[in-house]
Amino acid sequence: MVKTILKRLLQVVPTLLIVITITFVVTRMIPGDPVTAMVGEDFDASKMEELREQMGLNDSLLVQYGRYVNGILHGDFGQSYYFHQSALSMIASRLPNTLLLSVLSLIIAIAVGMIFGIISAQRQSTMWDYVLTVLSLFGISAPVFWVAIMLVLLFSVNLGWLPTYGMASIQADGMVEFLRHLCLPCLCLSIIPMGTFMRITRSSMIEALGSNSVRALRTRGISERAVVWKHALKNALPPILTVIGMQFAGCFAGAVLTENIFSWPGMGTMIQSAIDSRDYSLIQATVLVIALAFVVINLVTDIVYMIINPKVAAGAEKGGM
């Protein structure tokens, strides 16, 4: 297993290098430049040219790319042109908010999705199964922006229960107000992974409940609750655990859109501001951190899966993966 993990770690380097290169090229393809976004088009042209020279924007793309990569290797992700702060410090201030939203959304999705998936598997081919299957398909296919609009219309406009935007402070506004502001973006972000967990849990539980080991447990007189929640669920967990890693990465990336819809002060709203202001350093640093999060989450998921199922690690080493 150690050999397989080392191979996966070595694959991280070319993956991140590709991300760095693509992000660098794409940011330079955005119309406009940081100087124009900072001072406006009516600013003195000669002074704008001086600013571009000071910021190194007049250098060739190859020189700028080399400077950018060299900075990353030395732990320098650059300075934000627009906000005049270290890009890394800005990410550090916003990352906890995005992680909070992503983790809570994932927890809700796992809890609700697995419970509904188990109920659907227990009541296979019944009305409960059909209804829950339709709900899971809706969760997987519904666009995030449409779900957000429906949630706002229902809980904010019609019922007036929840605020539509922003993040409250626990110290200034209290825990209740903080949770009220968290509800809508969290629920919106959990819908898609919830549907995925429902489908995966249902499929895994149907297979586990039909296994010979479960049949043997039933013939021994063990209660159905113990059979389902203790034995069958344990056998159904490996595929679910694999999906957890991918869905957490999806929640982390999906937070970019959700945060902008609900004005949640996380990395999503920050990268939107960076794009609007053509802030190359901040865009590049944010995308790199998100890519690194994807890589780390997938690596941890692979390690956990190999621990749970050693056959996977053995097969990976024999296959040269």
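Predicted model only: the values in this text are computed from it and were never measured.

## What to know about the overall build of the chain
The number of helices and strands found in the chain is 14 helices and zero strands. Mapped in sequence order, the helices and strands of the chain form the string α-α-α-α-α-α-α-α-α-α-α-α-α-α. Its C-alpha atoms give the chain principal-axis dimensions of about 85 × 60 × 35 Å. Across the 321 residues in the chain, those meeting the buried criterion constitute 41%. Put simply, 74% of the contacts in the chain that link residues at least 6 apart link residues at least 24 apart. With an accessible surface of roughly 17100 Å², the chain has 67% of that area assigned to carbon and sulfur atoms. Distance between charge centres in the chain, computed from 21 positive and 19 negative side chains, equals 23 Å.

## What to know about the packing of aromatic side chains
Inspection of the entire model under this criterion finds four aromatic pairs. When the centroid spacing of 5.9 Å and the interplanar angle of 75° are considered together, the rings of Phe 138 and Trp 146 count as edge-to-face. The class of Phe 138 is partly exposed, set by a relative accessible area of 39%. Taking the relative accessible area as the measure of exposure, Trp 146 reaches 37% and is therefore partly exposed. Geometrically, the ring pair formed by Phe 155 and Trp 161 is tilted, given 6.2 Å between the ring centres and 40° between the ring planes. An aromatic cluster is built from Phe 24, Tyr 65 and Tyr 68, whose rings are joined through pairwise contacts.

## Quick look at the side chain of Asp 279
Within the element layout of this structure, Asp 279 appears in the loop between α12 (267-276) and α13 (280-308). The side chain of Asp 279 sits in the buried core without any salt bridge; Arg 28 is the nearest counter-charge, 9.2 Å away.

## Brief notes about unusual backbone geometry
For Ser 125, which is not a glycine, the phi torsion comes out positive at approximately 65°. Here Ser 125 shows up in the loop between α5 (87-122) and α6 (127-141). We note that Ser 263 has phi near 55°; this positive angle belongs to a residue other than glycine. Within the secondary structure, Ser 263 sits in the loop between α11 (224-262) and α12. Using a relative accessible area of 39% as the deciding quantity, one classes Ser 263 as partly exposed.

## Comments concerning the packing of helix α7 (residues 144-158) against helix α9 (residues 175-209)
One way to put it is that α7 packs onto α9 with a least axis distance of 10 Å and a crossing angle of 140°. Considering their axes alone, α7 and α9 lie oblique with respect to each other. As for the relative orientation of α7 and α9, their crossing is right-handed in sense. Contacts between α7 and α9 involve Val 144, Val 147, Ala 148, Leu 151, Val 152, Phe 155 and Ser 156 from the former and Leu 184, Leu 187, Cys 188, Ile 191 and Ile 192 from the latter. Among the residues making up the contact of α7 with α9, the classes are represented as eleven nonpolar, one polar and no charged.

## Here's the deal with the pattern of salt bridges
Counting across every chain of the model gives two salt bridges. With a closest N to O distance of 2.8 Å, Asp 129 and Arg 202 form a salt bridge. With Asp 129 in helix α6 and Arg 202 in helix α9, this pair connects stretches of sequence that are 73 residues apart. Of the residues examined, Asp 129 reaches a relative accessible area of 3% and is grouped as buried. Residue Arg 202 is classed as partly exposed on the basis of its relative accessible area, which comes to 22%. Notably, a salt bridge pairs Glu 177 with Arg 180, separated by 2.9 Å at the nearest N-O pair.

## Quick look at the nonpolar core
Ranked by size, the top nonpolar core spans 31 residues in total, and within it Leu 101, Leu 106, Leu 182, Phe 197, Met 205, Leu 209 and Ala 232 carry the most contacts. Residue assignment for this core shows that the elements contributing at least two residues are α5, α9, α10 (212-219) and α11. With eleven residues, the top contributor of residues to this core is α11. Residues contacting Met 205, with those up to four places away along its chain left out, are Ile 118, Ala 121, Val 228, Ala 232, Leu 233 and Ala 236. Residues Leu 16, Ala 87, Ile 91 and Ala 274 belong to the second largest nonpolar core, which totals 25 residues.

Rules used in this analysis
- Residues numbered from 1 in each chain as written.
- Predicted model: local features only at pLDDT ≥ 70, side-chain atom pairs only at ≥ 80, totals over all residues.
- Heavy atoms only, no water.
- Helix = DSSP H or I, 4+ residues; strand = E, 2+ residues; numbered from the N terminus.
- Buried < 20%, exposed > 50% of the residue type's maximum accessible area, 1.4 Å probe, protein only.
- Contact = heavy atoms within 4.5 Å.
- Areas by Shrake-Rupley, 256 points an atom, 1.4 Å probe, with all protein chains shown as cover.
- Lys, Arg positive; Asp, Glu negative; His and termini not counted.
- Charge placed at Lys NZ, Arg CZ, Asp CG, Glu CD.
- Phe/Tyr/Trp six-rings, centres within 6.5 Å; stacked < 30°, edge-to-face > 60°.
- Salt bridge = Lys/Arg side-chain N within 4 Å of Asp/Glu carboxyl O.
- Axes fitted to C-alpha atoms, helices over the stretch in contact; angles between N-to-C directions.
- Parallel < 35°, antiparallel > 145°, perpendicular 65-115°, else oblique.
- Left-handed = near helix turned anticlockwise from the far one by under 90°.
- Nonpolar A, V, L, I, M, F, W, Y, C, P; charged D, E, K, R; others polar.
- Core = buried A, V, L, I, M, F, W, Y, C linked by side-chain atoms within 4.5 Å.

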